[in-house]
Structure formats: structure tokens, C-alpha cells
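Structural overview for review
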Amino acid sequence: MSLFGKNKTGKAPRPSMAESSDKQVLYQQSVQMPEIEVEFFTTTFQELRGKFPLVLKEDFCGTALLSTAWCQSNPHRTAVAVDICADTLQWGREHNLHPAGEDVAKRVQLIHADVRAVTDPKVDITCAFNFSYWVFKTRDAMREYFKQARAGIKPDGLFFLDIFGGTDCQDILEEETEMEDHDFTYVWEHAEFNPINHDLLCHIHYEFPDGSRIEKAFTYDWRLWSIPELHELLLEAGFSKVHVYWERFVEREDDSEYLEGTGEFFKASKEENQESWQAYVIAEV
Ligand SMILES: C[S@@+](CC[C@H](N)C(=O)[O-])C[C@H]1O[C@@H](n2cnc3c(N)ncnc32)[C@H](O)[C@@H]1O
């Protein structure tokens, strides 16, 4: 009898933790914080626009986790979630929309398209998160995306982008985060950075206590953009005002020289650089 694919006991070997994990689940657990983002949209929209936002467009939505949380947060909220990858949208339909129940699922419209092709229905907020819009690598391509995004937002709406930077962001590095509530380590890698054109190649890997690893679970081929470049392009695309929301940093309890982000963001115009920061760039139509 052939033992191909089996161990000496005749039983199939147990799959490693890496083999039995779903990378979309790992991504959602390690990268996304949808409830916090929904809260941030709500408070910032009320601060800048004086009203409660109801319609969200999530560009580069992936599994539409954020759109699902948006619709779960209020029965009158609806979302349009756009992604170019049909398989990822289908995963989101099965694992996020369906379990959220009929009432939520029917308020999330999944659209399989390039984000630049969708300008209807008009929304209160469009967001492009986890730096996904960095796939557009030239000023012309980014301006064109911003113009299309603006065309899909109501006259009193807002466009939210996230961005990272800091003195470490051009370094080749691997940063490990042990996921406290889950049994794996999230590894963020800057594999290549080209100072001539700011091309930045990043990977996400996952490591498990049994020694297994999902190598290059996700790869991103981006341009590293700066806040002033985005600010100028947003104005060129027709947005009227651009705000930067900066994270509040505090001294670490371990008394090290480094500061620690609090997850709280405020409107800012001059700040000290950090080794690593994440911020939001928010544009008014
Ligand atoms: C980094 S993931 C972002 C997932 C999710 N939005 C988040 O915040 O974590 C990038 C997603 O963008 C999608 N994508 C890349 N280029 C796109 C384009 N031109 N139009 C629509 N989706 C695109 C990919 O299929 C992928 O699902």
C-alpha cells in the first residue's frame, strides 16, 4: 500500500496551523478594526459637516468587513463596497455579509469593479483604507482616482484616506506583532524601497506556534506617498479643503525614549515626526 501523503501509522499527517488557517480571517484579525473606524467616521463627519452620515462607499473593500460594520452600526445606514477581485468579494459575502443577517446584508451593495469606474450611488463618505490607493503610482493616475472619487460623493460629503510614514518607513524591515487574542504572529515586511521613484514592496506573513508560516500571504506593490503630495493632488482633483488628523502620542510606560500611539486622532497642522506614524487625510468635496 502506498503511504504517499500518509505517515507510518497509515494516517494522513495533521495539517500544520498554517495549512489549516484562512488568510482572509488572519488579515481581518490582524489588520482591521472596523468598529473603531466607523466611530471615527461618525465623530469626524459630525465635527466637519455637522450631521450624521448614512451612506458609505468603501473603495478597495476586500472582504467588505468595514461596510458590514457600518451597516450593523445603524439600521438606516447603507454601504457600497467596491473591489476588483471577485474571489475576495465572494469570501466577504459568505463570511461577513451572510453571518451578519439578511437585514444587514441587503444594505451592503458589493460591486466587482475598478474603484475608478464607480461614481453612483452618491455617498456621504468614501474611504480608501490600508493604503490601498497607493497602487496608483503616478500623479496623473492618483489625480484621476481622486477626481472619480469626488464625483461619487455628495456635495457635503467627505473623502477619507489613511497614510503611514515616519523616519523608519523607507527602511527595509520586518516588524512582528503577536496577536494577543489569537494564536499567531503578524509580520509586516518592507521588502524593497526605491528612493528614486518611491516604489515600496511590502508583504504580510503569518507565523504560528507550531513553527509553520504563511509566507507572503499578501503582497503590495505601492508607491510611498507623502501627506503634502496627497494634499496637493486632492486640491487639483477639485476637493475644496484638506485636513490631516494626527494620532495622539504619549510616553511609553516602560520609560523608553519612544512614544506610543493612543488610537485617538485630532486635526493637526504641525507635528513632530516619529519613527513610525499613521494618520488620516480627509478631504471636503
Ligand atoms: C490592502 S487590500 C484592502 C482591504 C481592505 N480595504 C482593508 O482596509 O484592509 C487591497 C484591496 O484592493 C483591491 N484592489 C486593488 N486595485 C484595485 C482597483 N483598481 N479597484 C478596485 N479594487 C482594487 C484588491 O483586490 C484588494 O482586495
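Keep in mind that this is a model prediction, so the values were computed, not measured.

1. So, the site of the ligand
- By nearness alone, 16 residues border the ligand, and Tyr27, Phe60, Asp83, Val115 and Asn130 come closest of all.
- Contacts to the ligand include tyrosine 27, whose side-chain N or O atom sits 2.4 Å from an oxygen atom.
- Residue aspartate 114 places a side-chain N or O atom 3.2 Å away from a nitrogen atom belonging to the ligand.
- Relative to its unbound accessible area of 600 Å², the ligand is 85% covered by the protein chains.
- Most atoms of the ligand, that is more than half of them, are within 2 Å of grid points of the second largest pocket.

2. Details of the pairing of strand β12 (residues 277–284)
- Of all eight residues that make up β12, seven are buried, and the element is covered over most of its length.
- One ladder, built from eight bridges, connects strand β5 (residues 153–165) with β12; its direction is antiparallel. In the sheet register, phenylalanine 164 faces β12, and the bridge partner there is glutamine 278.
- Bridging between strand β10 (residues 241–251) and β12 involves six bridges; their strand directions are antiparallel. Of the residues in β12, the one forming a bridge with tyrosine 245 is tyrosine 280.

3. Things to note about the packing of helix α2 (residues 34–49) against helix α3 (residues 65–73)
- At a minimum axis distance of 9 Å, the contact between α2 and α3 shows a crossing angle of 60°. The angle between α2 and α3 falls in the class oblique. The hand of the α2/α3 crossing is right-handed. Contact with α2, carried on its side by Pro34, Glu35, Glu37, Val38, Phe41 and Thr42, involves Leu65, Leu66, Ala69, Trp70 and Ser73 of α3 and no other residues of that element.
- Looking at the contact of α2 with α3 residue by residue, the classes come out as seven nonpolar, two polar and two charged.

4. Quick notes on the environment of glutamine 32
- Here glutamine 32 lies in the loop between α1 (23–31) and α2.
- Separated by 98 residues in the primary sequence, glutamine 32 and asparagine 130 place their C-alpha atoms 8.5 Å from one another.

5. Focus: the sheet that holds strand β7 (residues 185–194)
- Read across the sheet, four strands follow the order β6-β7-β8-β9 without closing on themselves; strand pairing throughout is antiparallel. Each edge of the open sheet carries a strand with a single partner, namely β6 (173–178) and β9 (213–223). Along the sheet, successive strands turn relative to each other by an average axial angle of 20°, direction set aside.
- Note: β6 against β7, six bridges, orientation antiparallel.

6. Considerations on the pattern of salt bridges
- For the coordinates displayed, the defined rule picks out 18 salt bridges.
- Between lysine 122 and aspartate 120 there is a salt bridge, and its shortest N-O distance comes to 3.2 Å.
- The partly exposed category is assigned to lysine 122, whose relative accessible area is 36%.
- According to the relative accessible area criterion, aspartate 120 is partly exposed, its value standing at 48%.
- Its salt-bridge partner being lysine 137, residue aspartate 199 comes within 3.3 Å of it at the nearest N-O pair. Within this pair, whereas aspartate 199 is found in strand β8 (residues 199–207), its partner lysine 137 is found in the loop between β4 (123–128) and α6 (139–151), the two being separated by 62 residues in sequence.
- Connected through shared salt-bridge partners, Arg139, Asp140, Arg143 and Glu236 make up one network.

Cut-off values and rules
- Residues numbered from 1 in each chain as written.
- Predicted model: local features only at pLDDT ≥ 70, side-chain atom pairs only at ≥ 80, totals over all residues.
- Heavy atoms only, no water.
- Near = heavy atom within 4 Å.
- Polar contact = N/O pair within 3.5 Å; in protein donor to acceptor, adjacent residues only side chain to side chain.
- Areas by Shrake-Rupley, 256 points an atom, 1.4 Å probe, with all protein chains shown as cover.
- 1 Å grid on protein atoms, 1.4 Å probe; cavity = no way out; pocket = protein on both sides within 12 Å on 5 of 7 lines; lining within 4 Å.
- Sits in = over half its atoms within 2 Å of the grid points.
- Buried < 20%, exposed > 50% of the residue type's maximum accessible area, 1.4 Å probe, protein only.
- Helix = DSSP H or I, 4+ residues; strand = E, 2+ residues; numbered from the N terminus.
- Pairing = 2+ DSSP bridges.
- Axes fitted to C-alpha atoms, helices over the stretch in contact; angles between N-to-C directions.
- Parallel < 35°, antiparallel > 145°, perpendicular 65-115°, else oblique.
- Left-handed = near helix turned anticlockwise from the far one by under 90°.
- Contact = heavy atoms within 4.5 Å.
- Nonpolar A, V, L, I, M, F, W, Y, C, P; charged D, E, K, R; others polar.
- Salt bridge = Lys/Arg side-chain N within 4 Å of Asp/Glu carboxyl O.

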